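# What the coordinates show
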Amino acid sequence: MSTPDTSTLLAQLRAVLSLTNTEIQVAETRIAQARTEAVRRELSENADNARARARDIEAAIRDLGGVPELVGPLLGQAAAAVKAMVEQALPFDEALLGDLTLEHQLVDRARYIKALATTAQLPEVVVLAERLITAHSATVDWLTTVLAEDALGGPAALRRTPLQAAAGTAVKLFNLPVTWSARGLDRALDTVRATPPVLGGLLAQGARAGDVAVKTLSASRDAALETAEQVTRREGADAAADALRSIRTGGVPEPRELPIGDYDELNVSQAVAVVKELTDPADIRAIVAYEEAHKNRHGVVSAAQTRLAAIAQEVAGLI
């Protein structure tokens, strides 16, 4: 193999190593957002597997006569820290799309490495590249599923951070369906802006949630949204009022609104069995919201999450 080809292969391995170190840090930041213990374990395993891949990539670089960049892990940590801070002001879906971009780049570079290693007749590197392709393709599918879960209304496998939730609330407010008069809309927004501390200021700043204390925002947001809900309902815009109520309450239903009759009487095994038969994401969402607000039985929440993931995979064309 010529020197230029060796240099290209080494450069790609170093690039993948740097991206893998970033992936490790991102996976660790996502652990705190896991909705269920099963997802938490999966993310922890992913971080451990990524560390193993990083070690194998380092070994491959050394075998080719190269030296891994010693600052790679530090750069990965710094990049992930910056990414995490930026994501606090991003809607949830945009943060996940950023993760997808990282994983797609890892898949594409791994395929390029496989082609280079095949040409150079380096079977060990070919096997490593195939492992990378398999691992990152699986992560792409997982992130695509989480995005589909969110598109279906949730609950997604990952929870929003408080600041992501605040940013999402502002986005929802800006995009509420307006079916009543412009005057009615102005009155509703004036009411929100007049409720101290001023939520309208947050909206006017483009949902810069990082500038607002989360606890203050949560309390003031609920008061503002409740008042806005009353105004919009008086204006005859029941759909918009219902949307405001959903934002304010987090969509927690009353027992009579649950899709499963006598739900409170079911034990964990019974609830899990019934949840597995649900086909409407809205019904699954109602069960999870009710469980997390009241009983919080992890087995039921995990089963509901698994059921929604299966529906999301079908919607996204993954199965």
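Residues numbered from 1 in each chain as written. Predicted model: local features only at pLDDT ≥ 70, side-chain atom pairs only at ≥ 80, totals over all residues. Heavy atoms only, no water.

Let us now look at the overall build of the protein. Counting its regular elements, the protein contains 13 helices and zero strands. Shown N-terminal to C-terminal, the secondary structure of the protein runs as helices and strands in the order α-α-α-α-α-α-α-α-α-α-α-α-α. If you take every contact in the protein between residues at least 6 apart in sequence, the share linking residues at least 24 apart comes to 75%. For the protein, the exposed area adds up to about 16,000 Å²; of that, 54% sits on carbon and sulfur atoms. (Helix = DSSP H or I, 4+ residues; strand = E, 2+ residues; numbered from the N terminus. Contact = heavy atoms within 4.5 Å. Areas by Shrake-Rupley, 256 points an atom, 1.4 Å probe, with all protein chains shown as cover.)

Leu9, Leu13, Val16, Ile57, Ile61, Ile113 and Leu132 are the most contacted members of the largest nonpolar core, which has 24 residues in total. Those elements that provide at least two residues to this core are α1 (3–31), α2 (37–63), α4 (92–119) and α5 (123–151). With seven residues, α1 is the largest single contributor of residues to this core. When near neighbours in sequence (up to four residues on either side) are disregarded, Ile113 contacts Leu9, Gln12, Leu13, Val16, Val125 and Ala129. Core analysis: the next-biggest nonpolar cluster, separate from the first, contains 18 residues, Leu266, Leu278, Val300 and Leu308 among them. (Core = buried A, V, L, I, M, F, W, Y, C linked by side-chain atoms within 4.5 Å. Buried < 20%, exposed > 50% of the residue type's maximum accessible area, 1.4 Å probe, protein only.)

This paragraph deals with the layout of surface pockets. Gaps between atoms show up when a probe of the same size as a water molecule is rolled over them. Each pocket or cavity is described by its volume, and for the second largest pocket that value is around 350 Å³. Glu23, Leu43, Asn46, Glu103 and Thr139 are, among the 19 residues lining the second largest pocket, the residues nearest its centre. Per-element accounting of the lining of the second largest pocket gives the leading share, seven residues, to α2. (1 Å grid on protein atoms, 1.4 Å probe; cavity = no way out; pocket = protein on both sides within 12 Å on 5 of 7 lines; lining within 4 Å. Points joined across faces, edges and corners; volume = space filled by probe spheres on them.)

The tally for this structure, following the rule as stated, stands at 12 salt bridges. Of the charged contacts in the structure, one is a salt bridge between Glu130 and Lys114, with a shortest N-O distance of 3.3 Å. Taken together, the residues span a long stretch of sequence, with Glu130 in helix α5 and Lys114 in helix α4 at a distance of 16 residues. For Glu130, a relative accessible area of 34% translates into the label partly exposed. Three or more residues are tied together by salt bridges with common partners; here these are Glu28, Asp48 and Arg51. (Salt bridge = Lys/Arg side-chain N within 4 Å of Asp/Glu carboxyl O.)

Spanning 13 residues, helix α12 (residues 281–293) covers 18 Å between terminal C-alpha atoms, matching the ideal 18 Å at 1.5 Å per step. Every buried residue belonging to α12 is among Pro281, Ile284, Ala286, Ile287, Val288, Ala289, Tyr290 and Glu291, and all of these are buried. Residue Asp280 occupies the N-cap position of α12, its side-chain oxygen lying 2.9 Å from the main-chain nitrogen of Ala282. (Expected span 1.5 Å × (residues − 1). Polar contact = N/O pair within 3.5 Å; in protein donor to acceptor, adjacent residues only side chain to side chain.)

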